[in-house]
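Reading the structure
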Amino acid sequence: MTNVNVAIIYYSSTGTNYQMAKWAEEGAKSAGAEVKVRKVPELAPQEAINSNPAWKAHLEETKDVPEVSLDDLEWADAIIFSMPTRFGNVPGQMKQFLDTTGGLWANGKLMNKVVSAMSSANNPHGGQEATVKALYTTMMHWGAIIAAPGYTDQSAFTSGGNPYGNSVTVDQNGTMQEDVEEAVKHQGKRTATIASWVKQSQ
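Let me begin by describing the structure that accompanies this report. (Residues numbered from 1 in each chain as written. Predicted model: local features only at pLDDT ≥ 70, side-chain atom pairs only at ≥ 80, totals over all residues. Heavy atoms only, no water.)

Here's the deal with the layout of surface pockets
Here the largest pocket is characterised by a volume of approximately 550 Å³. For the largest pocket, the lining is made up of 25 residues, of which Ser 13, Thr 14, Arg 86, Asn 122 and Val 170 are closest to its centre. Of all elements in the fold, only helix H1 (16-30), helix H3 (53-61) and strand E4 (114-121) reach the threshold of two or more residues within the lining of the largest pocket. Class assignment for the residues of the lining of the largest pocket results in seven nonpolar, 16 polar and two charged. Here the second largest pocket is characterised by a volume of approximately 160 Å³. Within the residue set of the lining of the second largest pocket, elements represented by two or more residues are helix H7 (128-142) and strand E6 (167-169). Considering every element that reaches the lining of the second largest pocket, the biggest residue donor is E6, with three residues. Taken together, the residues that form the lining of the second largest pocket break down as two nonpolar, 10 polar and two charged. (1 Å grid on protein atoms, 1.4 Å probe; cavity = no way out; pocket = protein on both sides within 12 Å on 5 of 7 lines; lining within 4 Å. Points joined across faces, edges and corners; volume = space filled by probe spheres on them. Helix = DSSP H or I, 4+ residues; strand = E, 2+ residues; numbered from the N terminus. Nonpolar A, V, L, I, M, F, W, Y, C, P; charged D, E, K, R; others polar.)

Structure, rendered in structure tokens:
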């Protein structure tokens, strides 16, 4: 496999999407990729964060995870995004970062990046698929190549069966309701592998 660089960019308030990002990192590394895990900046007011002990604790636990920069996007051959749904859409923190990419886009620096996305919500039909597809709209504007997991691995049938990008339901205690670990690792590996094919052809 051609050596590829994979950036995994996530937003997580209480840790679900951070965990998914780490599983995706394992999957991409298993395909031989060099991987960076990066978080988007938190925009919520401190009062809101302080009102939720799990949110406050997770921010403290991940304080050493580097924040994403535009250089990370330029470096990457593939990008995996992970974020919770917000009313069936991309959370403001992720959208704010995406809105800073106009310069790279205008200079053709984002075309042909291989991209994939994951999401979470508090109930099974809480907007996970809509969130993944909303993010993919931006990726189409970039001219990126979307690497959806589809049903390319048996793990899709045991993890909730989301072909657009893995998603998970999280209960009020922060516990994942579906076993998505293997499916997320597969998505990471698949994204890195497709990026290798694209890089070989250029």
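A short note on empty space enclosed by the protein
Enumeration according to the criterion identifies one cavity of 30 Å³ or more in this entry. Space inside the largest cavity adds up to approximately 60 Å³. Around the largest cavity, the lining residues are Pro 149, Gly 150, Tyr 151, Thr 152, Asp 153, Ser 155, Ala 156, Ser 159, Asn 162, Asn 166, Ala 183 and His 186. Across the lining of the largest cavity, the residue classes break down as four nonpolar, seven polar and one charged.

Regarding the packing of aromatic side chains
Taken as a whole and judged by the stated rule, the model has three aromatic pairs. Seen from their ring centres, Tyr 10 and Tyr 18 are 5.4 Å apart, and the 50° between their planes marks the pair as tilted. Against the face of Trp 75 rests Lys 36, its NZ or CZ located 4.3 Å from the ring centre. (Phe/Tyr/Trp six-rings, centres within 6.5 Å; stacked < 30°, edge-to-face > 60°. Lys NZ or Arg CZ within 6 Å of the ring centre and 35° of its normal.)

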